[in-house]
Amino acid sequence: MATEKAAAQGFGIDIGGSGIKGALVDLDTGELLSDRFRIDTPKQSTPENVADVVAQVVERGGYQGEVGITFPSVVQNGIARTAANIDKSWIGTDIRGVMSERLGMPVEVLNDADAAGIAELRYGSGKDVAGTVLMLTFGTGIGSALFIDGILVPNTELGHIEVDGKDGEKRASGAVKDDKKLSYEEWAGRVSHYLQVLEKGLWPDLIIVGGGISKKAEKWVPLLENRTPIKVAKLLNNAGIAGAALAARDGQGR
Ligand code: BGC
């Protein structure tokens, strides 16, 4: 009996607090098959404005088909439940409905860090790793994706674990390093402390660090003082795009 071969290409969009990026993805390898199109996230990041930018990115990619989209918030049944680094009017909005209507194409949506983790576990630094694996993305906020033997526990939101009386991401995100003009040494101290708080409660077997600042990993990852083995995301900042495309193909949207 002939079996249908799963599509080997997909299109992923990563919606972040500062940029909206998309590309065509090779679903066998996680590599990008096209240029990465990036447009700044609109200052007023309302559903309408963001959907317009997403449409421009998909148009530039010349893609037709199911699109995977990451979103920087809790996503349940396609609906945004929080909005830490995006316009508050998203809370309660049907992201899947807004995007599929604007694009005229089927859409799957999921949390941005969950998507990045899915890609790292399939193609990157978490490939074939059993046990408790924690993926963290350091960008405008801190995103988290928790896996137990390769199975995702969605929407973990560990960027909002309290560290010394403040949200963890307000202490140690990539944006905090820029805003406070911290050196890598200073910032790595904050990241170590944040990770120690997580380690106390979770005892992960592996932590994978990603997000924009993972491109400069050699400047800060060796400075971390944590008991858990730490690896840098292999797909660097493209993990969200690859994970979104994969989630769309495999029906792993939320
Ligand atoms: C949000 C998360 C998101 C992370 C990274 C946090 O502020 O609450 O949902 O994954 O930022 O974008």
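These remarks concern the structure in this document. It should be emphasised that the depicted structure is a prediction, and the values quoted were computed from it without experimental measurement.

### Some details on the environment of aspartate 26
Within the secondary structure, aspartate 26 sits in strand β2 (residues 19–26). The class for aspartate 26 is buried, based on a relative accessible area of 18%. Between the alpha carbons of aspartate 26 and leucine 246 there is a distance of 9.1 Å; along the sequence they are 220 residues apart. Each residue touching aspartate 26, except ones within four places of it in the same chain, is listed here: Ala8, Glu31, Leu33 and Tyr123. At 2.8 Å, the side chain of aspartate 26 forms a polar contact with the backbone nitrogen of aspartate 28.

### Describing the environment of lysine 166
The topology assignment puts lysine 166 in strand β12 (residues 166–167). Here lysine 166 falls in the partly exposed class, since its relative accessible area comes to 38%.

### Some remarks on the packing of aromatic side chains
In this structure the tally under the stated criterion is 5 aromatic pairs. Put simply, the rings of Phe138, Trp187 and Trp220 touch in pairs and so form one group of aromatic residues. It is lysine 177 that lies over the ring of tyrosine 184; its NZ or CZ is 4.1 Å from the centre.

### Examining a positive patch on the surface
Together, Arg36, Lys215, Lys216 and Lys219 give the surface a local cluster of positive charge. For lysine 215, the location among the structural elements is in the loop between β13 (206–210) and β14 (230–232).

### Looking at the nonpolar core
Core analysis: the biggest nonpolar cluster contains 29 residues, and Ile13, Ile15, Val54, Val67, Ile69, Met99 and Leu103 have the highest contact counts within it. When contributions to this core are tallied by element, the ones reaching two or more residues are β1 (9–15), β2, β3 (37–40), α1 (47–61), β4 (67–71), α2 (95–103) and β7 (107–111). When residues of this core are assigned to their parent elements, the largest contribution, 7 residues, is made by α1. Of all hydrophobic cores here, the second largest spans 25 residues; its members include Ala116, Phe147, Leu235 and Ala239.

### Regarding unusual backbone geometry
For asparagine 77, which is not glycine, the phi dihedral falls at a positive 50°. Among the structural elements, asparagine 77 can be located in the loop between β5 (75–76) and β6 (79–80). Asparagine 77 gets classed as exposed once you look at its relative accessible area, which sits at 59%. With phi around 45°, tryptophan 203 is a residue other than glycine that occupies positive phi space. Along the chain, tryptophan 203 falls in the loop between α6 (184–202) and β13.

Here is what the cut-offs are and how they apply
Once a new chain begins, its residue numbering starts again from 1 and follows that chain's sequence as written. pLDDT decides what is reported in this predicted model: residues at 70 or higher carry local features, side-chain atom pairs at 80 or more are listed and counted, and totals for whole chains, interfaces and linings draw on all residues regardless. With hydrogens and water excluded, all non-hydrogen atoms of the structure serve as input to the side-chain values. Each helix is a run of DSSP H or I of at least 4 residues and each strand a run of E of at least 2, with the numbering of both proceeding from the N terminus. Buried residues are those whose accessible area, probed at 1.4 Å on protein chains only, stays under 20% of the maximum for their type, while exposed residues exceed 50% and partly exposed ones sit between those limits. Throughout, a residue-residue contact means that at least one pair of heavy atoms, one from each residue, lies within 4.5 Å. Nitrogen and oxygen atoms within 3.5 Å of one another constitute a polar contact, given that in protein one can donate a hydrogen and the other can accept it, and given that sequence-neighbouring residues count only through two side-chain atoms. Pairing of aromatic rings covers Phe, Tyr and Trp, the last through its six-membered ring, and needs centres within 6.5 Å; plane angles under 30 degrees mean stacked, over 60 mean edge-to-face, and all others mean tilted. Two thresholds decide whether a charge sits over a ring: the Lys NZ or Arg CZ must be within 6 Å of the ring centre and within 35 degrees of the ring normal. Candidates for patches are residues over 30% relative accessible area with no salt bridge; among them, like charges are joined within 9 Å and nonpolar side chains (Val, Leu, Ile, Met, Phe, Trp, Tyr) within 5 Å. Shrake-Rupley sampling with a 1.4 Å probe provides the accessible areas, and residues are treated as covered by the protein chains on show and by no other component. A side-chain nitrogen of Lys or Arg and a carboxyl oxygen of Asp or Glu constitute a salt bridge if their distance falls within 4 Å. For the purpose of counting charges, residues Lys and Arg are taken to be positive, whereas Asp and Glu are taken to be negative. His and the chain ends are not included. Just so you know, the charge point we use is NZ for Lys, CZ for Arg, CG for Asp and CD for Glu. Here, the term nonpolar core denotes a set of buried Ala, Val, Leu, Ile, Met, Phe, Trp, Tyr and Cys residues that are joined through side-chain atoms within 4.5 Å.

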